[in-house]
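Residue-level structure breakdown
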Amino acid sequence: MDNTKNENNESAQADTAVPAVTKDAVDALRKAWHADRVKRGLVDADYDFCRPAVREWCRAVTAGDVPSADCMARFHAAIHETLSLRDACLVYALAGGDMDEDEALTVAAAPHGPRGTDLVFDTLNGVFRTRTDAPDPTWARNAVRAYAALIASAPDPECKAMACASTAYVVWWCDDPEVAMGGAECALGYDPKCSLAGIVRQAILFGVHPRWADGLPLPDGVQADVDGTYDAVAAEAVRAIMVKEDKEGKEE
């Protein structure tokens, strides 16, 4: 990595300090949400729970803001309750401005309804098969930075895995299979059962590119950010795996 990329990464990190998210805060949110789902039903409870997180996420990807601690805590809590909030964040990022906040909220809170199902299918099918427009560099960079904050704030390996896998999907959309593969494998290091990471990995292994790409370079401005994100995340994943293996070895 050259000095320019290092300077860009340091600047990005200085401008986007990650708010602290504690495991206790995530657990409390999840417990209250679960009780509300039992009391009021899934859809009503999920709309109220997901609305603040979706609003913050859309602002982060659109304007380049860092997601708030509350937004990230809700994302992490949802990983252990339902993956629809993860999917809403991902399809909003991949839609590249073609999805509004209300539609993202529908994916998060009513994923099995006809509208939610169509939004997810149309977005994912679009990046694989129909959309010919390249990602907007600023939009993609904002999404990568928002996911970097989620990775840094994740309280456990499963949450880190989901954020890494989602980042890998966005980077694959930017048509950088090498970096995307690093993200997918990092996610699988945290959680070998992470199916989203498996999808990205298999697409790359089979040489599948996003529909818009035809051997084109990664959009300007994105490379430095994804390099910095995965350098840090990959190192952390390796440390986590080594610590786990060391503990298992001692137990034997």
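Everything in this summary refers to the structure shown in the same document. (Residues numbered from 1 in each chain as written. Predicted model: local features only at pLDDT ≥ 70, side-chain atom pairs only at ≥ 80, totals over all residues. Heavy atoms only, no water.)

Our focus in this paragraph is the packing of aromatic side chains. Counting across every chain of the model gives six aromatic pairs. Centre to centre, the rings of Trp 33 and Phe 49 are 3.8 Å apart; their planes meet at 0 degrees, and the pair counts as stacked. One end of the pair, Trp 33, is in helix α2 (residues 23–40); the other, Phe 49, is in helix α3 (residues 42–63), with 16 residues separating them in the sequence. Residues Trp 33 and Phe 49 agree in their burial class; the two are buried. Aromatic rings pair up to connect Phe 128, Tyr 169 and Trp 172 into one cluster. The ring of Phe 49 has Arg 74 lying over it, and the distance from NZ or CZ to the ring centre is 5.0 Å. (Phe/Tyr/Trp six-rings, centres within 6.5 Å; stacked < 30°, edge-to-face > 60°. Helix = DSSP H or I, 4+ residues; strand = E, 2+ residues; numbered from the N terminus. Buried < 20%, exposed > 50% of the residue type's maximum accessible area, 1.4 Å probe, protein only. Lys NZ or Arg CZ within 6 Å of the ring centre and 35° of its normal.)

Val 170 and Trp 172 are the most contacted members of the largest nonpolar core, which totals 72 residues. By residue number, the principal contributor to this core is helix α9 (residues 157–173), which donates 12 residues. What Trp 172 contacts, discounting residues up to four positions off in sequence, is Val 127, Phe 128, Ala 180, Val 200, Ala 203, Ile 204, Val 208, His 209 and Pro 210. (Core = buried A, V, L, I, M, F, W, Y, C linked by side-chain atoms within 4.5 Å. Contact = heavy atoms within 4.5 Å.)

Below, the discussion takes up the state of the cysteines. Under the defined criterion, the tally for this structure stands at zero disulfides. In this model Cys 58 remains outside any disulfide bridge; the closest cysteine sulfur is found in Cys 89, 7.8 Å from its own. (Disulfide = S-S within 2.5 Å.)

With that out of the way, let us pick up α2. Helix length check: α2 (18 residues) gives 26 Å between terminal C-alpha atoms against 26 Å at 1.5 Å per residue, within 8%. Looking only at α2, the buried set comprises Val 26, Leu 29, Trp 33 and Arg 37. Down the axis of α2, the sector holding all buried residues measures 70 degrees, keeping them to one side. Relative to its buried face, α2 has exposed residues pointing more than 90 degrees away, namely Asp 24, Lys 31, Val 38 and Lys 39. Buried residues along α2 sit in contact with α3 and α4 (69–79). The positive-phi residue at the C-terminal boundary of α2 is Gly 41, with phi of around 100 degrees. (Expected span 1.5 Å × (residues − 1). Arc of directions from axis to C-beta.)

Time to look at the side chain of Arg 86. Note on placement: Arg 86 falls in helix α5 (residues 84–95). Accessibility expressed as a relative area gives 8% for Arg 86, which makes it buried. At a separation of 2.7 Å, a polar atom in the side chain of Arg 86 contacts the side chain of Asp 87. Other than its neighbours up to four places away in sequence, Arg 86 contacts Phe 75, Ile 79, Met 162, Ser 166 and Leu 196. (Polar contact = N/O pair within 3.5 Å; in protein donor to acceptor, adjacent residues only side chain to side chain.)

With that settled, consider the side chain of Glu 103. Within the secondary structure, Glu 103 is located in helix α6 (residues 101–109). Of the polar contacts made by the side chain of Glu 103, one reaches the side chain of Arg 115; its length is 2.7 Å. When residues no more than four places from it in sequence are discounted, the contact partners of Glu 103 are Asp 98, Arg 115 and Leu 119.

The geometry of α5 relative to α6 is characterised by a closest axis approach of 7 Å and an angle of 150 degrees between their N-to-C directions. With respect to α6, the element α5 is oriented roughly antiparallel. Note on packing geometry: the crossing formed by α5 with α6 is right-handed. The segment α5 lies against α6, with Ser 84, Leu 85, Asp 87, Ala 88, Val 91 and Tyr 92 engaging Ala 104, Val 107 and Ala 108. Classifying every residue of the contact of α5 with α6 gives seven nonpolar, one polar and one charged. (Axes fitted to C-alpha atoms, helices over the stretch in contact; angles between N-to-C directions. Parallel < 35°, antiparallel > 145°, perpendicular 65-115°, else oblique. Left-handed = near helix turned anticlockwise from the far one by under 90°. Nonpolar A, V, L, I, M, F, W, Y, C, P; charged D, E, K, R; others polar.)

Turning to α5, a few remarks are in order. Counted at 1.5 Å a residue, the expected span for α5 with its 12 residues is 16 Å, and the 16 Å between its end C-alpha atoms agrees. Of all the 12 residues making up α5, 11 are buried; the element is thus mostly covered by neighbouring parts of the structure. Those residues of α5 that fall on the buried side of the exposure criterion are Ser 84, Leu 85, Arg 86, Ala 88, Cys 89, Leu 90, Val 91, Tyr 92, Ala 93, Leu 94 and Ala 95. Where α5 terminates, the next one or two residues include Gly 96, which has phi positive at roughly 60 degrees.

As a further point, take unusual backbone geometry. One can expect most non-glycine residues to show negative phi and most peptide bonds to be in trans. A positive phi angle, close to 65 degrees, is found at Asp 175, a residue other than glycine. The topology assignment puts Asp 175 in the loop between α9 and α10 (177–190). Among the residues examined, Asp 175 registers a relative accessible area of 9% and is labelled buried.

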